[in-house]
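Here is how the chains run, residue by residue.
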Amino acid sequence: MSLFWRWSDSMGPSRRWIVWHGDERLGWIGVGREGEEVHARVEVDLAGAGPDAYAEAFAFAEGQAAELGAGSVVTDVWTDRAAALDALRSLGWKQRRHERFWRLELQPAKERLAAELAGAREAAKGLSAVTAAEFGGESVFRTLYEINNQTLLDVPRSIAFVPDPFELWMEWMSPPRSTPDRIWIGVADGAPVGLSLLSYRPVGIVETGYTGVLREYRGRGLARLLKLETLVQAANLGVEAVETDNDSENAPIIHLNQALGYSEITGQLEFAKSLV
């Protein structure tokens, strides 16, 4: 959470509050202004609260966002948080996007994934995948950072993409979240042209993290090869299941996830509201 907040703070001024109900800490509210579009991202987490409490919290956040100079607000809410969704709709927030989340049980699929990986390696003519540790360790991270930023420009979104500062991005790629031997690089003619990685969260979730391939190398099976390398590696390490997510309009990666055997789980909805 500290990393998420540092990312938010790097985008613009932020404020956060603990929400109390009597003597009980009910949750928290965060408001941070982001980028040149002068919108504010709102985070409200009130475990077990009803629509009225959520409505009061979101209304409070709107006022704080206006004080920060934001002309609009945006938030992401899990699809199973009915009280929060009802509150947003009652306040005039409108849904814009749907982030779909996926889970793959690895151990039952281990042999199938290994066979698919062998086929993907055979099919990827002139392309290969190696770990960052094999390619030179952190010396290649600046190049991977540029690939990450170039490929993220093509991900469907409502808000213009603003890259993380390199130093902050390096924290996302560092232990305990990830390590060079868990980061896979797509290689063509000896140069990195794509990446995919395994990321670990302290709550015990292993993610098949962001997968991106430069435009001129797409359509040649490299993204599938990279994803399979991460999945087989995780399965061989004894990981029981992995999760990932993507925008509902990102058809290529949705198709890839479904083909690899991921099942859809609870996702997130993006809501927005103008303050002017």
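Calculation notes
- Residues numbered from 1 in each chain as written.
- Predicted model: local features only at pLDDT ≥ 70, side-chain atom pairs only at ≥ 80, totals over all residues.
- Heavy atoms only, no water.
- Helix = DSSP H or I, 4+ residues; strand = E, 2+ residues; numbered from the N terminus.
- Contact = heavy atoms within 4.5 Å.
- Expected span 1.5 Å × (residues − 1).
- Buried < 20%, exposed > 50% of the residue type's maximum accessible area, 1.4 Å probe, protein only.
- Axes fitted to C-alpha atoms, helices over the stretch in contact; angles between N-to-C directions.
- Left-handed = near helix turned anticlockwise from the far one by under 90°.
- Nonpolar A, V, L, I, M, F, W, Y, C, P; charged D, E, K, R; others polar.
- Arc of directions from axis to C-beta.
- Pairing = 2+ DSSP bridges.
- 1 Å grid on protein atoms, 1.4 Å probe; cavity = no way out; pocket = protein on both sides within 12 Å on 5 of 7 lines; lining within 4 Å.
- Points joined across faces, edges and corners; volume = space filled by probe spheres on them.
- Core = buried A, V, L, I, M, F, W, Y, C linked by side-chain atoms within 4.5 Å.
- Salt bridge = Lys/Arg side-chain N within 4 Å of Asp/Glu carboxyl O.

### Brief notes about the environment of A133
Structurally, the position occupied by A133 is in helix α5 (residues 132–135). Separated by 50 residues in sequence, A133 and I183 place their C-alpha atoms 7.9 Å apart. With residues near it in sequence (within four places) discarded, A133 still touches P180 and D181.

### Notes on helix α8 (residues 222–236)
When the terminal C-alpha atoms of α8 are compared, their 21 Å separation across 15 residues agrees well with the 21 Å that a helix rising 1.5 Å per residue should span. Within α8, 12 of the 15 residues are buried, which leaves it mostly tucked inside the rest of the structure. Residues of α8 that are buried: L222, L225, L226, K227, L228, E229, T230, L231, V232, Q233, A234 and A235. Backbone geometry just after α8 places G238 at a positive phi near 90 degrees.

### Describing the packing of helix α4 (residues 110–123) against α8
α8 packs onto α4 with a crossing angle of 145 degrees between their chain directions and a minimal axis gap of 9 Å. With respect to the hand of their crossing, α4 and α8 are arranged in left-handed fashion. Residues K110, L113, A114, E116, L117, A120 and R121 of α4 pack against R224, L225, L228, E229, L231, V232, A235 and N236 of α8. Split into classes, the residues belonging to the contact of α4 with α8 amount to nine nonpolar, one polar and five charged.

### A short note on helix α9 (residues 251–260)
Looking at α9, one finds that the buried residues are I253, I254, L256, N257 and L260. In an axial view of α9, the angular spread of the buried residues amounts to 165 degrees, which keeps them on one side of the axis. Across α9 from its buried face, at more than 90 degrees, point the exposed residues P252 and H255. Its buried side turned inward, α9 meets β5 (94–105), α4, α8 and β11 (241–247). A positive backbone phi angle near 105 degrees is found at G261, which sits one or two residues after α9.

### Here's the deal with the pairing of strand β2 (residues 24–34)
Where strand β1 (residues 14–21) and β2 come together, eight bridges link them in antiparallel fashion. The partner of R15 across the bridge, within β2, is V31. Connecting β1 to the antiparallel partner β2 that follows it, the hairpin turn spans two residues, and G22 within it adopts a positive phi of roughly 65 degrees. Two elements, β2 and strand β3 (residues 39–46), share eight bridges in a ladder whose sense is antiparallel. By the bridge assignment for β3, I29 is matched with V44.

### So, the layout of surface pockets
What the second largest pocket holds in volume is close to 180 Å³. V19, L26, L46, A53 and E56 are the residues nearest the centre of the second largest pocket, which is lined by 13 residues in total. Listing elements by their share of the lining of the second largest pocket, those giving two or more residues are β1, β2 and α2 (51–67). Counting residues per element, the lining of the second largest pocket draws most heavily on α2, which supplies four residues. Considered class by class, the residues forming the lining of the second largest pocket number 10 nonpolar, two polar and one charged.

### Topic: the nonpolar core
The biggest cluster of nonpolar side chains holds 48 residues, and the ones touching the most others in it are L106, L113, F141, L144, W169, L231 and V242. Ranked by the residues each element gives to this core, the list is headed by α8, at eight residues. Dropping the residues within four chain positions of it, L106 is found in contact with L113, L231, A234, A235, V239, E240, A241 and V242. If you look at the next biggest cluster of nonpolar residues, it comprises 27 residues, including L26, A57, A84 and L88.

### A short note on the pattern of salt bridges
A complete count under the given rule lists 19 salt bridges for this structure. Across the pair E67 and R15 runs a salt bridge whose closest N-O atoms are separated by 2.9 Å. Separated by 52 residues along the polypeptide, E67 in helix α2 and R15 in strand β1 bring together distant segments of the chain. Judged by its relative accessible area of 57%, E67 falls in the exposed class. A salt bridge links R97 to D247, with the nearest nitrogen and oxygen atoms 2.7 Å apart. Separated by 150 residues along the polypeptide, R97 in strand β5 and D247 in strand β11 bring together distant segments of the chain. Exposure class is identical for R97 and D247. Each is buried. Several salt bridges converge on common partners, so that one network encompasses E34, R41 and D76.

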